Structure formats: C-alpha cells, structure tokens
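Observations on chain architecture
Residues per chain, in single letters:
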There are 2 protein chains.
Amino acid sequence: MNFRLDPRLLADTTFIGELPLSRLLLMNDARFPWLILVPRIAGARELTDLDATDQASLLAELVQVGRVLEDLLHPVKLNIAALGNTVAQLHVHVIARFSNDAAWPRPVWGCGEPVPYAAEALGLRLGALRSALRGVMDRAR
Amino acid sequence: MNFRLDPRLLADTTFIGELPLSRLLLMNDARFPWLILVPRIAGARELTDLDATDQASLLAELVQVGRVLEDLLHPVKLNIAALGNTVAQLHVHVIARFSNDAAWPRPVWGCGEPVPYAAEALGLRLGALRSALRGVMDRAR
C-alpha cells in the first residue's frame, strides 16, 4: 500500500514541501499561519501506529516547523495537535496563534469559514516557509 | 525556579500519578476520558522550550498514555494536543474520542460545561488508569 494524501487534506491545503518523514502543507486559510504535517506512512491513523523511529522523526519535524513559525512570526502561542476526527489519515496541525487572531483564545477548528489567501500573500508565505525550511527539506530528497 | 502546577490545571483536574517527566492528570469531566500530561519543567510553555531529551521523554509518555487509553477503552480516535492559549504552562491533552461522545466530531474544547464524575466512576477510572500505568509510574519514583 502506497502513501496517498487524503482527498480532504489535498483540497484544503497547498503543498509546501517534503520533510524527511512528512509532507508539509499550508492550510488554505489566511486567518491563521496553519501548517499540517502528514507522515508518509500508508494507513497510519494514530501517533501510536508509528514505530519509535518514525515517532522520533515526526517529533523532530514538529519542533523544527514550530521553531520556524516562532522565528518568522513571533506568535503568542503554538498550537500543536493530532485530532483526526474528520480526516482519519494521521496528520498534525502546527498553528501560530496571536491574541488578535479570529479564534483567540479558542482553538481554530470550527471557527467560522476559511478565508482564502490572496495570490501575493500566498506566494510570500510559501516563499518564507520554504526558505526557512530549505535545510530540512533538502535532506528529504 | 521549582515546578509548580498551574492553579487552573490544579482546579480542573484530579491527580493520577507521576510519569518520569510529566505529572499525569485526569480532567474533571466525565463526558470524555481526558488526560493531561504536564512536564515538570519550571517555566516551560512550548514543546520547543524542552531540550531534545525531555522532548523524547514527553513523546514516549504520550504514546504510553495513548496506548493505555486504546487498550482500556478502544476509542474511535485519540486526540493529542498542546494548545495552551488559556493556560500558558506546557501541558498536553490526550483524549479518547468516541463517535457518540458529547462533542464528536468536533474538538472537546469549548463544548458545553464539564460534567463532574460521580465518586464511584471517578474511583473506577483512576484505579484502571493507575493499574495500567503502574510500570511507567513506578519508574518515575
């Protein structure tokens, strides 16, 4: 069984790049700097489905991505979460939160309707993230 | 600076035990089997604040606690999340979710009012969790 991105995640996100274990996606919602990591492990649903090596890789990638968001955006808080009640495929949200964002202090899920990025804003965000993660993404090739 | 549990977490939970890195708490809400791990690291707010050793310990404890919930309760899904928008002290939620629970498929945060455990149900839940985690908690002493 080959890894294939869940169709709902595919529809709701823009591809950023491949990390050593995970595909890195940007949620199509300009209200929040909202990344999603999807380990490229076919059939994985839970963190507990990964072996210890892949768990450690995922943790390292979550920390790297979290630090990139901190360095680029200086959020008040990171929200890191593996929920998956709607999309079963294992995926982990890493969201930069601000005290004036649309959902603060509540979680972002279920908060109104997503606001699509304007083309220029999307290009800037993808460029900044890819540049900051270049070293990590290069190692995935 | 010594570790001290955040007063809000103290008020909202019941103590289960000490894992090697984290204090393990049960949320006082009988609607959801809802555990919280609080690494005993004074001043930690983000996963990115922990050093690599403590990050790995926290990950191992999350997986152990998640597997205990899976083995005891057979949930449809685990929800694992570090949010902290309201309580800044680093804490990670591990929640067993069911398709007939009070919030499904939405996240549990902000879903109505907590329902306190009846004394007997609380005793049973604590006993089952402490028994299942005895091996891990023993190593924390």
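These numbers come from a predicted model, not from an experiment.

**Structural notes on the overall build of chain A**
Of regular secondary structure, chain A possesses four helices and five strands. When the helices and strands of chain A are listed from N to C terminus, the series reads α-β-β-β-α-β-β-α-α. Taking 141 residues into account, the globule formula puts the C-alpha radius of gyration at 14 Å, and chain A, at 14 Å, falls close to it. Projected onto its principal axes, the C-alpha positions of chain A cover 40 × 35 × 25 Å. The 141 residues of chain A split such that 51% are buried. Counted over contacts in chain A with a minimum sequence separation of 6, partners at least 24 positions apart contribute 58%. Looking at chain A as shown, the accessible area adds up to about 6,500 Å², and 54% of this sits on carbon and sulfur atoms. Distance from the positive charge centre (15 side chains) to the negative charge centre (15 side chains) of chain A: 2 Å.

**Remarks on the side chain of Asn 79 of chain A**
Structurally, the position occupied by Asn 79 of chain A is in strand E4 (residues 77-82). Look at Asn 79 of chain A and you get buried, because its relative accessible area is 0%. Side chain to side chain, Asn 79 of chain A and Arg 97 of chain A meet in a polar contact 2.9 Å long. Polar contacts involving the side chain of Asn 79 of chain A include one to the main-chain carbonyl oxygen of Leu 83 of chain B, which spans 3.2 Å. Excluding residues that lie within four positions of it along the chain, Asn 79 of chain A makes contacts with His 93, Val 94, Ile 95 and Arg 97 of chain A together with Ala 82, Leu 83 and Asn 85 of chain B.

**Regarding the pairing of strand E5 (residues 92-97) of chain A**
Residues and elements named next belong to chain A. When you tally the buried positions in E5, you get six out of six residues, the bulk of the element. Burial along E5 is two-sided: Val 92, Val 94 and Ala 96 and His 93, Ile 95 and Arg 97, pointing in opposite directions, are all buried. For strand E3 (residues 34-39) and E5, the ladder comprises four bridges, and the chain directions are antiparallel. Residue Ile 36 lies in a different strand from E5, and its bridge partner there is His 93.

**Focus on the interface of chain B and chain A**
Facing 30 residues of chain B, the contacting portion of chain A comprises 30 residues. Contact between chain B and chain A buries roughly 2,700 Å² in total, counting both sides, with carbon and sulfur atoms accounting for 54%. Run the count over chain B and chain A and you get two salt bridges. Between Glu 46 of chain A and Lys 77 of chain B there is a salt bridge, with its nearest N and O atoms 3.0 Å apart. Linking chain B with chain A are 22 residue pairs in polar contact (both at pLDDT 80 or more). Of the residues forming the side of chain B that touches chain A, the biggest block, seven residues, is contributed by helix H2 (residues 52-73) of chain B. Of the residues contributing to the side of chain B that touches chain A, the split by class is 16 nonpolar, seven polar and seven charged.

**Considerations on unusual backbone geometry**
One can expect most non-glycine residues to show negative phi and most peptide bonds to be in trans. Residue and element names in this part refer to chain A. With an omega of -5°, the peptide bond running from Trp 104 to Pro 105 counts as cis. Examined against the element boundaries, Pro 105 turns out to sit in the loop between E5 and helix H3 (119-132). Positive phi, normally seen in glycine, also occurs at His 74, with a value near 50°. Position of His 74 relative to the elements: it lies in the loop between helix H2 (52-73) and E4.

**Some details on the relation of the copies chain B and chain A**
Superposition record for chain B on chain A: RMSD 0.0 Å, screw rotation 180°, translation along axis 0.0 Å. Both copies of the chain, as the preceding transformation shows, are related through a two-fold rotation axis. Considering only C-alpha atoms, the residue of chain B closest to the rotation axis is Ala 81 of chain B, which sits at 2.0 Å. The fraction of interface residues of chain B whose copies in chain A are also interface residues reaches 100%, indicating that both copies meet through the same surface.

Analysis parameters
- Residues numbered from 1 in each chain as written.
- Chains lettered and ligands numbered in written order.
- Predicted model: local features only at pLDDT ≥ 70, side-chain atom pairs only at ≥ 80, totals over all residues.
- Heavy atoms only, no water.
- Helix = DSSP H or I, 4+ residues; strand = E, 2+ residues; numbered from the N terminus.
- Rg over C-alpha atoms; globule rule 2.2 N^0.38 Å.
- Buried < 20%, exposed > 50% of the residue type's maximum accessible area, 1.4 Å probe, protein only.
- Contact = heavy atoms within 4.5 Å.
- Areas by Shrake-Rupley, 256 points an atom, 1.4 Å probe, with all protein chains shown as cover.
- Lys, Arg positive; Asp, Glu negative; His and termini not counted.
- Charge placed at Lys NZ, Arg CZ, Asp CG, Glu CD.
- Polar contact = N/O pair within 3.5 Å; in protein donor to acceptor, adjacent residues only side chain to side chain.
- Pairing = 2+ DSSP bridges.
- Buried area = accessible area lost by both parts, 1.4 Å probe.
- Salt bridge = Lys/Arg side-chain N within 4 Å of Asp/Glu carboxyl O.
- Nonpolar A, V, L, I, M, F, W, Y, C, P; charged D, E, K, R; others polar.
- Least-squares fit on C-alpha atoms with pLDDT ≥ 70 in both.

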